[in-house]
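# Chain and residue survey
Chain residues, written in single-letter form:
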Amino acid sequence: GQQVMQIPQYQHVQEGEDFTTYCNSSTTLSNIQWYKQRPGGHPVFLIQLVKSGEVKKQKRLTFQFGEAKKNSSLHITATQTTDVGTYFCAGKDRGSTLGRLYFGRGTQLTVWP
Amino acid sequence: NAGVMQNPRHLVRRRGQEARLRCSPMKGHSHVYWYRQLPEEGLKFMVYLQKENIIDESGMPKERFSAEFPKEGPSILRIQQVVRGDSAAYFCASSPSTGFGEQYFGPGTRLTVT
């Protein structure tokens, strides 16, 4: 069945360093979404990518969707302590008519000052 | 515009009791999703509902768990005869349409089974 894998599971960086998390799907996706969950909080939508090879930026965050629509990445430039949290990718299987999203396990980012 | 509401926020149940978790989607949203999250783990899909219909329950355990989204009122996730392994955070999310578009998550219900 559909699987979405995310690496690394944990990442510890010093404030100011860059951070990247990678997401890979076992099947072709119709779209990929990214969510952020702060400690003790709930997932909050960040962005959605739909087109093959798409790149979107939000301030220090850069999101990419692979050409084959099976992988994606989130890159944060010059991390800040406010970036702490767990970042999840979630994709919808292109072959599915249902609205279910398949979530990766998440990358837990710790930023120390 | 109120977001997704879940109650209770914290629920403590003894083994064998029933747990009822409620979710009111955002106004105008007719699609509801339930997820379970264990500490340090990702979101595990449980069930996807529309008003009065279960669309996908492939992530729901076959026994003791049920979900509904009636024509009127909130969506309810019901866990009968709870066991310690049911202790987790249960999140509800809603969306206005299926296929594309983000899901809006509620604050979650933290269930503790003693």
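Placed above this text is the structure.
Residues numbered from 1 in each chain as written. Chains lettered and ligands numbered in written order. Predicted model: local features only at pLDDT ≥ 70, side-chain atom pairs only at ≥ 80, totals over all residues. Heavy atoms only, no water.

Moving on to the overall build of chain A. Tallying secondary structure elements over chain A gives zero helices and 11 strands in all. Listing the helices and strands of chain A from first to last along the sequence gives β-β-β-β-β-β-β-β-β-β-β. On C-alpha atoms alone, chain A measures out to a radius of gyration of 14 Å, which is about the 13 Å that the 2.2 N^0.38 rule sets for 113 residues. Taking the principal axes of the C-alpha coordinates as reference, chain A spans close to 45 × 25 × 20 Å. Here the contacts in chain A between residues at least 6 apart in sequence split such that 54% fall between residues at least 24 apart. Here chain A displays about 5400 Å² of accessible surface, and carbon together with sulfur accounts for 50% of that area. Between the mean site of the 13 positive side-chain charges and the mean site of the 7 negative ones, chain A shows a separation of 9 Å. (Helix = DSSP H or I, 4+ residues; strand = E, 2+ residues; numbered from the N terminus. Rg over C-alpha atoms; globule rule 2.2 N^0.38 Å. Contact = heavy atoms within 4.5 Å. Areas by Shrake-Rupley, 256 points an atom, 1.4 Å probe, with all protein chains shown as cover. Lys, Arg positive; Asp, Glu negative; His and termini not counted. Charge placed at Lys NZ, Arg CZ, Asp CG, Glu CD.)

Attention now goes to the sheet that holds strand β8 (residues 71-76) of chain A. All names here are of chain A. Pairing within the open sheet is antiparallel, and its five strands lie in the order β1-β3-β8-β7-β6. Where the open sheet ends on each side, the last strands, each with one partner, are β1 (4-7) and β6 (55-58). Neighbouring strand axes in the sheet, compared pairwise and without regard to direction, differ in orientation by 15° on average. Relative to β8, strand β7 (residues 61-65) runs antiparallel, the two sharing five bridges. The residue bridging L61 from the neighbouring strand is I76, located in β8. (Pairing = 2+ DSSP bridges. Axes fitted to C-alpha atoms, helices over the stretch in contact; angles between N-to-C directions.)

This next bit is on the packing of aromatic side chains. Taken as a whole and assessed by the stated rule, the structure comprises 11 aromatic pairs over all chains. Aromatic pair A:F19 and A:Y87: ring centres 5.8 Å apart, planes at 45°, arrangement tilted. Of the two residues, A:F19 sits in strand β3 (residues 19-25) while A:Y87 sits in strand β9 (residues 85-93), which places them 68 residues apart along the sequence. Residue class for A:F19 comes out buried when judged on its relative accessible area of 1%. Between A:F103 and B:Y35, the aromatic rings sit 5.3 Å apart at their centres with planes inclined by 80°, giving edge-to-face as the arrangement. In this pair, A:F103 is assigned in strand β10 (residues 102-103) and B:Y35 in strand β4 (residues 31-37), connecting two distinct chains. (Phe/Tyr/Trp six-rings, centres within 6.5 Å; stacked < 30°, edge-to-face > 60°. Buried < 20%, exposed > 50% of the residue type's maximum accessible area, 1.4 Å probe, protein only.)

B:W34, B:M46, B:L77 and B:Y90 are the most contacted members of the largest nonpolar core, which has 23 residues in total. Only β3 (19-24), β4, β5 (43-50), β7 (65-68), β8 (75-79), β9 (88-95) and β11 (109-113) of chain B provide two or more residues apiece to this core. Apart from the residues lying within four places of it in its own chain, the contact partners of B:Y90 are B:Q6, B:L21, B:Y35, B:R36, B:M46, B:F65, B:L77, B:I79, B:G108, B:T109 and B:L111. Among the nonpolar cores identified, the runner-up in size contains 19 residues, and A:V4, A:W34, A:Y87 and A:V111 belong to it. (Core = buried A, V, L, I, M, F, W, Y, C linked by side-chain atoms within 4.5 Å.)

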